[in-house]
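Understanding the architecture of this molecule
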Amino acid sequence: MTPPRVAILISGRGSNLAALIEDAEAERYCEIALVISNRPNAPGLALAAGRGIEALTLDHKTFATREAFDAALDAALRARKIDVVALAGFMRILSGGFVARWLGRLINIHPSLLPAFPGVKVHEQALAAKVKVSGATIHFVVPELDSGPIIGQASVPVHPHDTPETLAARVLEAEHKLYPLCLRMVCEKRVRLESSRAAFAANGPVILGFGD
Ligand code: GRF
């Protein structure tokens with residue numbers, strides 16, 4: 001069976017992208033066929049190109065509306081016969097129409113244990129709430145922001161003297177381990193979106209826990 005063709009959508013650095021490329025190349029459960037950034041200078045674009053992956057910029061500032069941008073995104077994905085789309089630090093809200101078209105084949109990473117701390121300034125929110133554990137979540141994308149059915153989560157401790165930066169770095173390490181495992185589950189159809197829940201074929205969700 002040919003492995004599914006995956007597109008990764010980014011806006012910046014691309015460290016999750018790098019982790020996904022690394023794992024997919026080693027384990028061959030998918031072909032990362034395309035990387036799209038909505039920001040022209042995203043470092044992740046060069047990273048992808050350097051690995052021989054098509055790297056495309058769709059600058060959202062050049063589109064009149066969100067729907068026009070999403071239509072171009074959809075066309076680019078379809079033209080390359082993409083099966084699964086993984087958002088990795090993609091800082092654009094996708095329209096309901098786009099999400100509906102890719103429902104069940106569109107996943108996202110968020111750097112908290114959802115449903116805690118959706119949106120932006122996530123680590124600031126976690127520190128303000130004085131939680132003792134934070135982490136990362138991979139979920140199916142649904143129209144409501146950061147609230148789709150959960151595929152996997154990884155937890156890390158929050159230390160008393162953490163700053164948003166130190167906590168972000170600890171969570172990011174966990175993200176790099178969690179995301180490839182979850183993408184693999186989607187690609188191997190070991191999890192699928194069933195109305196409003198994630199249905200697992202075997203073994204249930206990915207749950208990782210890290211010490212310090
Ligand atoms: C990650 O922390 C991700 O969870 C968040 O944005 C960051 C992207 O980092 N949504 P990178 O571009 O993958 O390095």
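A quick note: this is a predicted structure, and the numbers were derived from the prediction, not measured.

What follows concerns the sheet that holds strand S2 (residues 31–37). Ordered by their spatial adjacency, eight strands build an open sheet running S3-S2-S1-S4-S5-S6-S7-S10, and the pairing between neighbours is mixed. With one partner strand each, in any of the chains shown, strand S3 (54–57) and strand S10 (206–209) form the two edges of the open sheet. In this sheet, adjacent strand axes meet at a mean angle of 15° when their direction is disregarded. Here strand S5 (residues 106–110) pairs with strand S6 (residues 133–140) via four bridges, running antiparallel.

The next subject is the side chain of Ser37. Note on placement: Ser37 falls in strand S2. Note on Ser37: relative accessible area 0%, which makes it buried.

A word on the domain arrangement of the protein. Domain annotation for the protein reports domain 1 (1–102) and domain 2 (112–212). Using C-alpha coordinates to define each centre, domain 1 is positioned 20 Å away from domain 2. Buried area between domain 1 and domain 2, summed over both chains or domains, comes out near 1,400 Å², and the portion from carbon and sulfur atoms is 74%. The largest contributions to the domain 1 side of the interface with domain 2 come from Asn16, Tyr29 and Val99, which together make up 35% of the buried area. Seen at the junction of domain 1 and domain 2, the total is one salt bridge.

Put simply, helix H1 (residues 15–27) and helix H6 (residues 164–187) touch, their axes get as near as 9 Å, and they point 45° apart. For the element pair H1 / H6, the angle class is oblique. You can see that H1 and H6 cross each other, and the crossing is right-handed. Here Ser15, Asn16, Ala19, Leu20, Asp23 and Glu27 of H1 lie close against H6, whose contacting residues are Leu172, Glu175, His176, Tyr179, Pro180, Leu183 and Arg184. Looking at the contact of H1 with H6 residue by residue, the class counts come to six nonpolar, three polar and four charged.

Another point: the nonpolar core. By size, the foremost hydrophobic cluster in this structure holds 45 residues, and its most contacted members are Ile8, Ile32, Ile107 and Leu183. Top contributing element to this core by residue count: H6, with 10 residues. Residues from two domains meet in this core; each of domain 1 (1–102) and domain 2 (112–212) gives at least three. Residues within four places of Ile107 in sequence aside, it is in contact with Val85, Ala86, Leu87, Ile138, His139, Phe140, Val141, Ile151, Tyr179, Leu183 and Val186. In terms of nonpolar packing, the next biggest core, distinct from the first, is built from 21 residues, Ala33, Ala76, Leu77 and Leu94 among them.

Near the ligand, the surroundings consist of Arg13, Gly14, Ser15, Asn16, Gly89, Ile109, Pro111, Leu172 and Glu175. A distance of 2.8 Å separates an oxygen atom of the ligand from a polar atom in the backbone of Gly14. Between an oxygen atom of the ligand and a side-chain N or O atom of Glu175, the distance comes to 2.7 Å. Considered on its own, the ligand offers 370 Å² of accessible surface; in the complex 84% of this is hidden by protein. Of all the elements in the fold, those that place two or more residues in the shell around the ligand are H1 and H6. Of the residues in the shell around the ligand, the class split is three nonpolar, four polar and two charged.

Cut-offs and rules
- Residues numbered from 1 in each chain as written.
- Predicted model: local features only at pLDDT ≥ 70, side-chain atom pairs only at ≥ 80, totals over all residues.
- Heavy atoms only, no water.
- Pairing = 2+ DSSP bridges.
- Helix = DSSP H or I, 4+ residues; strand = E, 2+ residues; numbered from the N terminus.
- Axes fitted to C-alpha atoms, helices over the stretch in contact; angles between N-to-C directions.
- Buried < 20%, exposed > 50% of the residue type's maximum accessible area, 1.4 Å probe, protein only.
- Domains from an automatic or database assignment.
- Buried area = accessible area lost by both parts, 1.4 Å probe.
- Salt bridge = Lys/Arg side-chain N within 4 Å of Asp/Glu carboxyl O.
- Parallel < 35°, antiparallel > 145°, perpendicular 65-115°, else oblique.
- Left-handed = near helix turned anticlockwise from the far one by under 90°.
- Contact = heavy atoms within 4.5 Å.
- Nonpolar A, V, L, I, M, F, W, Y, C, P; charged D, E, K, R; others polar.
- Core = buried A, V, L, I, M, F, W, Y, C linked by side-chain atoms within 4.5 Å.
- Near = heavy atom within 4 Å.
- Polar contact = N/O pair within 3.5 Å; in protein donor to acceptor, adjacent residues only side chain to side chain.
- Areas by Shrake-Rupley, 256 points an atom, 1.4 Å probe, with all protein chains shown as cover.

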